[in-house]
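# Structure at a glance
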Amino acid sequence: MSFFDVIIQTLDSTIRLSVPLLLACLAGLYSERSGIFDIGLEGKMLAAAFAGAAAASVFHSAWIGLGIAILVSVSLALVHGFASITHRGNQIVSGLAINFVAAGSTIILGQAWFQQGGRTPALAPNERFEAITLPGADAIREVPIIGPIYSELISGHSLLVYVAFLAVPFTWWVLFRTRFGLRLRAVGENPAAVDTAGISVAWLRYRAVICTGVLTAIAGAYLSMVQSGGFVKDMTAGKGYIALAALIFAKWRPVNAMFACLLFGFLDALAIRLQGAPLPIIGKVPVQLMQALPYILTVILLAGFIGKAIPPRAGGVPYVKER
Amino acid sequence: MSTPYAKLPAWADYGLIPLINLAVAFIVAGLVVLLVGENPFRAAAILVEGAFGRGQGIAYTLFYATNFIFTGLAVAVAMHAGLFNIGGEGQAYVAGLGVGLVCLALDRVVPWYVTFPFAIAGAALFGAAWAFIPAYLQAKRGSHIVITTIMFNMIAASLMIYVLRDILKPEAMQEVKTRMLEAGAQLPRLNWIIELFGTARIRSAPFNVSFLLALVMAYLVWLLIWRTKLGYEIRTFGFSQKAARYAGISEVRVTIIAMLISGALAGMMSINAIMGDQHSVYVDLAGGAGFIGIAVALMGRAHPVGIILASILFGMLYQGGAELSFEMPAISRDMIVIIQGLVILFAGALEHMFRPYIQTLFASISPKSVGMAAVKGEGA
């Protein structure tokens, strides 16, 4: 295999691996921009992955699966909203609670309903979101350079992959070009000002967490219905936390988020490809170091050594209306 | 913390409300049991029977509780300083390396009671060291401690697997762990204490001396928080950072010291796992205890007595849950993870949910008890 093919393949798996991160990262972006910290991305993703795969295999439809995944994930997001918006509870505690409830109940319910050790039944092709071949991909496959780039890298992904990457400009547009987005950002910086303008802080934040729920659902559905043909217990394996790291790395901006997720996805793809094989110049790098790199980079960023990550100012603080 | 709520009598605040929150958590857990088609009351009966029915069960319950006392105290100390240490899991895991190095050096040379103090020091040192960087970054550079401790949990997992697999594992061994520790690093069991109460002979439960260490630490934490100047500073800082600043309390100092103590306490959990139970340093030795510490600290209201009680409750769930999975195959031990999540949700994030109702109730029974002046808690 030529060097060029290796690069194409690595980049291809980079895209595949960064999609769930990207969706979860954008999900967190809506919530955190509105001033609600959400460390429960992991749990919502996991619950959605389970619900999606379970419903898809029962109803034999990928779309119903996705619908149920969204339903479950949004419900969990609303629980988070109920605790942290309505009852002004601690947002970290609430997010953590959701992670545990999701981790436990996906295993318990999975085992009780399907009896396959926490797995859901393997999904048939029509129960998954299958790869789409973009027009002309087969025609230009043989063209050097451009051919493989178009037909391997850009074409041949599942619908959800394109959804994820289209969500980036869409989120940018919502956040910076719509009234809703302006208010969303404002409520994360200075909720009192938004309240004074006669806009409900609570309703705005609830809408933000619903957006979060929808996007984590797609992230979860991608894991269980695209990347693998069914749910496996604990299949998010910390991706929600990497997405959180990516969000900080991106300084809460959608386009940066895409690059951060692609970077973390690339590190993952590289770790898989190398499998401990020595790199030129650097020598042998332990796989564990590659796995820990996103977290280490985020800590370095948080320490203020690569620019400064400033979170939304009202983030994590429950809003108490003046009396 | 300045709550926008009126005061309740102390017993309602520290007894009634936590109990209601706990009850709701268990009711929701019961619904999950119902959902998988089992009887929640029978499940609860099996659970309690499994945890306290026989001496063996009690010993296991207390063995698990030991872990949770350490991690619960760790979370509580940080909580008093207004810091949320979510990194107990990673701190305990890395502390396992400290304990392991001490034990590997001493276990063939000296008896356990010589190794023990060094192991405590090793655990405390490594646990505190793993908490130091997040603490320093929070104090000096303002990076959010929740995020950094989460990151450090992840980094700890990668680091420990690397250390165990590539450095400490003997060549010949298949499993990723250190060599078996010998007598000099094995803590004596305490099962005889339970046997004193007339239970049958306990064969294999790993209930050991580190339980006593946990109790000592609980006492020391109480002493620290409520009877020392440092504890006063920690509480002041946690109550109001602004007030602490005006009182001349150094933010950097309090943040770092509170986190070091927290990390050290979380670290000691690994002594119970390594020297008390498995007699080796192994992958994922913290096994989620760091996270259960959060539930325990929230439920125990960050008070050592509350933490010990909550730890025993979770120990019971752990041990009883294992028994339960034999009796009801549909319910595995992961049920505890759900309960843990629900407890964190209702005792933590939604702790004020039922407060207004209880206040109304109290006000209608005895207006004095919720009145502005009468907060002493007589009446009602």
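Shown above is the structure to which this text applies.
Within each chain, residues carry numbers counting from 1 in the order of the written sequence. Chains and ligands are labelled sequentially in the order written, the chains with letters from A and the ligands with numbers from 1. For this predicted model, a pLDDT threshold of at least 70 governs which residues receive local features, and a threshold of 80 or more governs which side-chain atom pairs are given and counted, while totals over whole chains, interfaces and linings are taken from all residues. Side-chain measures were taken over the full set of non-hydrogen atoms in the model, leaving aside hydrogen atoms and water.

### What to know about unusual backbone geometry
- Of note in this structure, H60 of chain A is not a glycine but carries a positive phi near 55°.
- Numbered from the N terminus, helices here are DSSP runs of H or I no shorter than four residues, and strands are runs of E no shorter than two. Considering the arrangement of structural elements, one finds H60 of chain A in the loop between α2 (41-59) and α3 (62-86).
- The phi torsion at D284 of chain B lies on the positive side, around 55°, for a residue other than glycine.
- Within the fold, D284 of chain B resides in the loop between α11 (251-278) and α12 (289-299).

### Some remarks on helix α7 (residues 179-189) of chain A
All names here are of chain A.
- Within α7, burial applies to G181, L184, V187 and G188. Each buried residue of α7 sits inside an arc of 130° when the element is viewed along its axis, so together they form one side. What points out from α7, more than 90 degrees from its buried face, is the exposed set R179 and L182.
- On its buried face, α7 is in contact with α1 (3-33), α6 (159-177), α8 (191-196) and α9 (201-227). Summary of the burial criterion: residues with accessible area below 20% of their type's maximum are buried, those above 50% are exposed, and those between are partly exposed, where the area comes from a 1.4 Å probe applied to protein chains only. Each C-beta atom gives one direction from the helix axis, and the arc is the one those directions make. Should any heavy atoms of two residues lie within 4.5 Å, those residues are counted as being in contact.

### Examining the packing of aromatic side chains
All names here are of chain B.
- Ring geometry is summarised as follows: Phe, Tyr and Trp rings, the Trp one being its six-membered ring, pair when their centres sit within 6.5 Å, and such pairs are stacked at plane angles under 30 degrees, edge-to-face over 60 and tilted between the two. Per the stated rule, a full pass over the model turns up 18 aromatic pairs over all chains.
- With a centroid separation of 5.7 Å and an interplanar angle of 50°, the aromatic rings of W11 and F362 are classed as tilted. Remark: F362 occurs in helix α15 (residues 355-365) and W11 occurs in helix α1 (residues 10-35); sequence separation between them is 351 residues.
- Judged by its relative accessible area of 44%, W11 falls in the partly exposed class.
- A connected cluster of aromatic rings, assembled from ring pairs, spans Y60, F63, Y64, F68 and Y318.

### Some words on the packing of helix α4 (residues 91-114) of chain A against helix α14 (residues 335-349) of chain B
- Note on geometry: axes are C-alpha line fits, over the in-contact stretch for helices, and angles between N-to-C directions span 0 to 180 degrees. Here α4 of chain A crosses α14 of chain B at 155°, and the two axes come no closer than 7 Å. In terms of their interaxial angle, α4 of chain A and α14 of chain B are classed as roughly antiparallel. For the element pair α4 of chain A and α14 of chain B, the recorded crossing hand is left-handed. Contacts from V93, S94, L96, A97, F100, V101, A103, G104, S105 and I108 of chain A in α4 of chain A reach M335, V337, I338, Q340, G341, L342, I344, L345, G348 and A349 of chain B in α14 of chain B. We call two directions roughly parallel when the angle between them is under 35 degrees, roughly antiparallel when it is over 145, roughly perpendicular when it lies between 65 and 115, and oblique otherwise. Helix crossings are classified by the rotation of the near helix relative to the far one: an anticlockwise turn of less than a right angle makes the crossing left-handed, while a clockwise turn makes it right-handed.

### Comments concerning the interface of chain A and chain B
- On the chain B side, the residues contacting the 43 residues of chain A number 42 residues.
- By buried area we mean the combined loss of accessible area, with a 1.4 Å probe, across both parts when two parts are placed together. Each partner contributes to the roughly 3,600 Å² buried at the junction of chain A and chain B, and carbon and sulfur atoms together form 80% of this total.
- On the chain A side of the interface with chain B, the three residues burying the most area are F100, I108 and Q288 of chain A, jointly 18% of the side's total.
- For salt bridges, the criterion is a side-chain nitrogen of Lys or Arg within 4 Å of an Asp or Glu carboxyl oxygen. Remark: the boundary between chain A and chain B carries zero salt bridges.
- As used in this structure description, the phrase polar contact means that two N or O atoms lie within 3.5 Å; if the pair is within protein, one of them must be able to donate a hydrogen and the other to accept it, and residues adjacent in sequence are counted only when both atoms belong to side chains. On inspection of chain A and its partner chain B, the count reaches one residue pair in polar contact (both at pLDDT 80 or more).
- Among the secondary structure elements, those contributing two or more residues to the side of chain A that touches chain B are α3, α4, α10 (239-249) and α12 (287-302) of chain A.
- With 15 residues, the single largest contributor to the side of chain A that touches chain B is α4 of chain A.
- Split by residue class, the side of chain A that touches chain B holds 29 nonpolar, 11 polar and three charged. Throughout, the ten residues Ala, Val, Leu, Ile, Met, Phe, Trp, Tyr, Cys and Pro are labelled nonpolar, Asp, Glu, Lys and Arg are labelled charged, and all others, Gly among them, are labelled polar.

### Quick notes on the packing of helix α4 (residues 88-106) of chain B against helix α6 (residues 145-168) of chain B
Residues and elements named next belong to chain B.
- Relative orientation of the contacting elements α4 and α6 amounts to 30°, with a least axis distance of 7 Å. Classified by the interaxial angle, the pair formed by α4 and α6 is roughly parallel. Both α4 and α6 take part in a crossing whose hand is left-handed. In this structure, α4 contributes G88, E89, G90, Q91, Y93, V94, L97, L101 and L104 to the contact, and α6 contributes T149, N153, A156, A157, M160, I161, V163 and L168.
- Residue composition of the contact of α4 with α6, grouped by class: 11 nonpolar, five polar and one charged.

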